[in-house]
Amino acid sequence: MASRGRLRLAAVALALTALGGVGLAAEPEKAVTSKAQSEKPLGVVELFTSQGCSSCPPADVFFAELAGKDDIIALAYHVNYWDYLGWQDTLSTKENTERQYDYMRAFGSRSVYTPQAVINGRSHVNGASRKDVDGALARMDRTGEGMRVGIKVSRTSDRVMIDAGDAGNGPADAHVVIVYFDPPQMVKIGQGENSGRSLTYWNAVSDIQIAGMWHGKAQRYELPMTEIAKKGGCAVLLQSVGKDGMPGPILGAAFIRKPDRL
């Protein structure tokens, strides 16, 4: 994972505090998620894409469908290595590209590509292939490689509470990763391989922060509501990390705030 000096600790930036075992706040809580959203979604789809890649528009269109589903945590990471083709991706960040390279190393691959969809942090497929993405999600759900740890998000007027469940006999350690993303926006591409096209991009990741550690037991974390309100959208991932610091399987996930319209 790009935590090796490249991601700021949200424990500092957001003053996020772990409150394992502490009771609920005195002020009544309101559920952030809709009734249709489960504490254990079907899975997490991380799409690595670029406005400068001619193969990406079909994946971006399919991704928009995924982003509209309540049972899938869909996050789009715009990368910058195609910028040399004549168009600088307006949503790309160095950190997004680094995250893809970290996945490359974790999977033992020799190169990166777009559109790439990483499913539950466990495997990757062509992000434009509905069959491959849906198949991977369904297969992992059947084999116990889906979301194994429930995450519940609630809030008061001034804070957001993230309650991560117990792993039972499962993995004992994971990073609590906060992923911020932009609201859906239309971009008119002026040059490069997609010149002249106007495309709408959903859940484009703008920042990634490691908020703390989860050690296999039920635990609560808090974020100030003022920080969440500054962002377009936000999700939390409970992601295991290899001994080499590379990203591993995602064990649980939830939306904290999810914009759903232009």
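Everything discussed here concerns the structure shown above.
The numbers attached to residues start from 1 for each chain and follow its sequence in the written order. At least 70 in pLDDT is required for a residue's local features to be given in this predicted model, at least 80 for side-chain atom pairs to be given and counted, and no such filter applies to totals for whole chains, interfaces and linings, which use all residues. Remark: hydrogens and water are excluded; side-chain values derive from all non-hydrogen atoms of the structure.

**Structural notes on the pattern of salt bridges**
Alright, step 1. Should a side-chain nitrogen of Lys or Arg be within 4 Å of a carboxyl oxygen of Asp or Glu, the pair is scored as a salt bridge. Following the criterion strictly, the structure yields nine salt bridges and no others.
Alright, step 2. Between E65 and R130 there is a salt bridge whose closest N-O contact spans 2.9 Å. Here the residue E65 occupies a position in helix α2 (residues 57-67), and R130 occupies one in helix α4 (residues 130-143), the gap between them amounting to 65 residues.
Alright, step 3. To sort residues, take the accessible area from a 1.4 Å probe on protein chains only and compare it with the maximum for the residue type: under 20% means buried, over 50% means exposed, and anything in between is partly exposed. By relative accessible area, which is 38% here, E65 ends up partly exposed.
Alright, step 4. Overall, the relative accessible area of 41% leaves R130 in the partly exposed class.
Alright, step 5. Members of the salt-bridge network, linked through shared partners, are D158, R159 and E222. Numbering of helices and strands runs from the N terminus, with a helix taken as a DSSP run of H or I at least four residues long and a strand as a DSSP run of E at least two residues long.

**Quick word on the environment of R197**
Alright, step 1. For R197, the location among the structural elements is in the loop between β10 (185-188) and β11 (198-201).
Alright, step 2. Spatially, the C-alpha atoms of R197 and Q51 are 9.7 Å apart, while their sequence positions differ by 146 residues.
Alright, step 3. Beyond its immediate sequence surroundings of up to four residues, R197 is in contact with P57, V187, K188 and I189. Two residues qualify as a contact provided that any one of their heavy atoms is within 4.5 Å of a heavy atom in the partner residue.

**Details of α2**
Alright, step 1. If you check which residues of α2 are buried, you get P57, A59, D60, F62, F63, L66 and A67.
Alright, step 2. In this fold, the buried residues of α2 make contact with β3 (43-49), β4 (72-78), α4 and β11.

**Focus: the packing of aromatic side chains**
Alright, step 1. Each pair of aromatic rings taken from Phe, Tyr and Trp, with Trp reduced to its six-membered ring, is defined by centres within 6.5 Å and is described as stacked if the planes are under 30 degrees apart, edge-to-face if over 60, and tilted in the remaining cases. This model, assessed by the stated rule, comprises seven aromatic pairs.
Alright, step 2. Plain terms: the ring middles of W82 and Y84 are 6.3 Å apart, the flat faces sit at 35° to each other, and that makes the pair tilted.
Alright, step 3. Ring centres of Y103 and F107 lie 5.6 Å apart, and the angle between their planes is 10°; this geometry places the pair in the stacked category. One end of the pair, Y103, and the other, F107, are both in helix α3 (residues 94-107), four residues apart, so they sit about a helical turn from each other.
Alright, step 4. Among the aromatic side chains, those forming a connected cluster through ring pairs are F48, Y77, Y103 and F107.
Alright, step 5. For the cation-ring pair, K231 lies above Y180, with the distance from its terminal atom to the ring centre recorded as 4.8 Å. Whether a charge sits over a ring comes down to the Lys NZ or Arg CZ being within 6 Å of the ring centre and within 35 degrees of the ring normal.

Fair warning: the whole summary comes from geometry, so function is off the table for now.
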